[in-house]
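Residues per chain, in single letters:
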Amino acid sequence: MIVIGALAAPTVAALAVLWLAGYLPAAAALLAALAVVAALTILATPRLRQFRTLAAAIGELAHRDQASLSESIGDPPLDELARMVGAAARERDRRRDQLEMTIAANEAVFARLPDPLIMIDRERRIVRANPAAAELFDSPLAGRDLVGVLRNPAVVEAVGEALAERSGRQVEFVLPVPIERSFAARIEPLSAATADGSVALLTLHDLTAMKRADRLRADFVANASHELRTPLATLLGFIETLRGPARDDTAARERFLAIMDGQTQRMARLVADLLSLSRIEMNEHRQPTEAIDAGRILLTVVDSLQMKAAEKNMRIVIDGTVREPLAGGTVQAVASLPAVIGDGDELAQVFQNLLDNAIKYGRAVSTIRVTGWAFASPSEHRDGGAPMPALRLDGAAIAMSIEDEGDGIAREHLPRLTERFYRVDTARSRELGGTGLGLAIVKHILSRHRGWLDIDSEPGIGSRFTVYLPVADPADPRQ
Ligand code: ADP
C-alpha cells in the first residue's frame, strides 16, 4: 500500500494543484485521483508480488545451505536476476565446502605429524599442540605457558628472539625425563597472527636415534682401528727385532715368523669380517628370493668343521637328544626340514660362525648337539604364554639349534652378545682367534632373512644358539 501511495503521490499532487488553480472542478480532480490509484493498484500488485517472491528467495539463499531459486518468478528480467543470485549462492557454497575441506586436511596433517608441533601466542602461551606434542609431554598443552612446559633456557631464549626479531631460530636441547632424549627445536614466526592468536610455530625433531647412530659409528671405527692396531704393532715389533737383535738367531726367527703369521691371519680375519658385515648391511633391506634347504646347508657346515672339533676331542651329534627342548614346535630331522627363502652363502656363514663358537668356547672332550625343529604356526611359538622370539615370525617356521657344553654365558651378557666387538672375555676371544664380529654378522644375516637368533645359556653347563627362519610359502610368487 505504501509503495502504491508513493507511486500515486506525484499525480495526485498535480491534480490537487490543477483543482486549486481552478482548472479542474473538485469532483473531476477526485475522480481522476481515484482512477490513478485504482490503475496503479491493478498494474503494480502482481509486480510487487514478484519482487516479494524474489526477496524471500534471496533471503533464504543467504541463510540456507545449498538453496537455489528453481521456480520461475514469471518475469524474464527478474528470472535472470534470480538465476544470477542462485549462481552466486552456489559459488559461495562451493568455496565454503572447499575451505572446509582444506581446513579438515590441514587439521589431519597437524594431528598426524609424527614430530611434535606447538603454536604459541605473543605471550608464549600454547594456543594449540598436536597429539605428538601432547604425548611427548604426557599432558594436554593448550593454554599452558611454553616456558613451564619446556623449562629449557636455550629454547626459551630462542623463542624470545624469534618473536622479537620476527625471524626463525633453531636450537638443540636435551629433555632429561622420562628418558633422556635430544631434540632440535625450530621456531618460526608466522607472517600474520592467526584467528586463534597464534604468532609462531615451534617444531621439535627427535635427534636421539641419529646421535646414537653417530656415537655407534664413532665407537665402531675406534674399535675396528684398535683391533687392527694391536696385531699391527706386534708385527712391527717383530720386524724390528728380526732386523736387529735377532738377525742371526735362526731359532728365534722361526718362532717370531710363526707369531707374525698368526697376527697377519688375525688381521686378515678381521678385515674379512668387517667386509662381510658391511656387505650384509648394505643388502639388509633386500630380502633373499630363492627357496633353499637350510638344513642341508647346516649339515655341510658341520661336515667341514668335524676335523676342527676332533682336534679338541669334541663330537658333533646331529638329531640326537637335546639337553632341554625348545618351547613349542616339534623335533624334526635337520635333513628333512622344510625349505626357507634364503641366501645359501649367508646362511652357511651363520652356521659356520655359530659352530665355530661352539667349538671355540665348548670344553675339550665334550659334545655339540645340532637339532632341527618345525613350527607349524605362530601359536606354537609360545613359551607357557610368555612371548617367544619366534613370535615375531608370522607363519610357519623352522629352528636349528646348536648346543655346546662350555662354560656358558652369564645372563647379563646375553642381550649384548650380538653387538659388534662385544665379548665376555676379550683376551680369551682373541687368544682363540675371535674377531668379536661373528654374532653381529649372524644377527644381520638373520635380520635380512626375517629370521631371529635366540641365545640361551647356563653358566657352567653350556650355551644354545637357535636360528629361527620363516618357512618358504609355496603360494609366494617369488619361488
Ligand atoms: P668372537 O669372535 O669373540 O667369538 P662373536 O661375535 O662370535 O665373537 O661372539 C661374541 C662373544 O660371545 C664371544 O667373545 C664370547 O664371549 C661369547 N660367545 C659366543 N659364542 C659363545 C659360546 N658358544 N659359548 C660361550 N660364549 C660364547
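Preceding block: the structure.
Residues numbered from 1 in each chain as written. Predicted model: local features only at pLDDT ≥ 70, side-chain atom pairs only at ≥ 80, totals over all residues. Heavy atoms only, no water.

A. Region of the structure containing the site of the ligand. In the vicinity of the ligand there are 18 residues, among which Tyr361, Asp404, Ser429, Thr435 and Leu439 approach most closely. Backbone polar atom of threonine 435 to an oxygen atom of the ligand: 2.8 Å apart, as the coordinates give it. Within the backbone of leucine 439, a nitrogen or oxygen atom sits 2.8 Å from an oxygen atom of the ligand. Going through the elements one at a time, α10 (344–361), α12 (438–448) and β15 (462–470) are the ones with two or more residues in the shell around the ligand. For the shell around the ligand, a count of residues per class yields eight nonpolar, seven polar and three charged. (Near = heavy atom within 4 Å. Polar contact = N/O pair within 3.5 Å; in protein donor to acceptor, adjacent residues only side chain to side chain. Helix = DSSP H or I, 4+ residues; strand = E, 2+ residues; numbered from the N terminus. Nonpolar A, V, L, I, M, F, W, Y, C, P; charged D, E, K, R; others polar.)

B. Structural context of the packing of α10 against α12. Packing of α10 against α12 leaves a shortest axis separation of 9 Å and a crossing angle of 145°. Note that α10 runs across α12; the crossing there is left-handed. Each of Glu346, Leu347, Gln349, Val350, Asn353, Leu354 and Asn357 in α10 lies in contact with α12, whose residues at this interface are Gly438, Leu439, Ile441, Val442, Ile445, Leu446 and Arg448. Here the contact of α10 with α12 is built from residues that sort into eight nonpolar, four polar and two charged. (Axes fitted to C-alpha atoms, helices over the stretch in contact; angles between N-to-C directions. Left-handed = near helix turned anticlockwise from the far one by under 90°. Contact = heavy atoms within 4.5 Å.)

C. Main features of the sheet that holds strand β1 (residues 117–120). Read from one edge of the open sheet, five strands run β2-β1-β5-β4-β3, paired in antiparallel fashion. Bordering the open sheet on either side are β2 (126–129) and β3 (169–175), each of which pairs with just one other strand. For this sheet, the mean inter-axis angle between neighbouring strands, taken without regard to orientation, is 25°. Looking at chain direction, β1 and strand β5 (residues 200–206) are connected through four bridges and run antiparallel. Within the sheet, the bridge partner assigned to isoleucine 120 lies in β5 and is alanine 200. (Pairing = 2+ DSSP bridges.)

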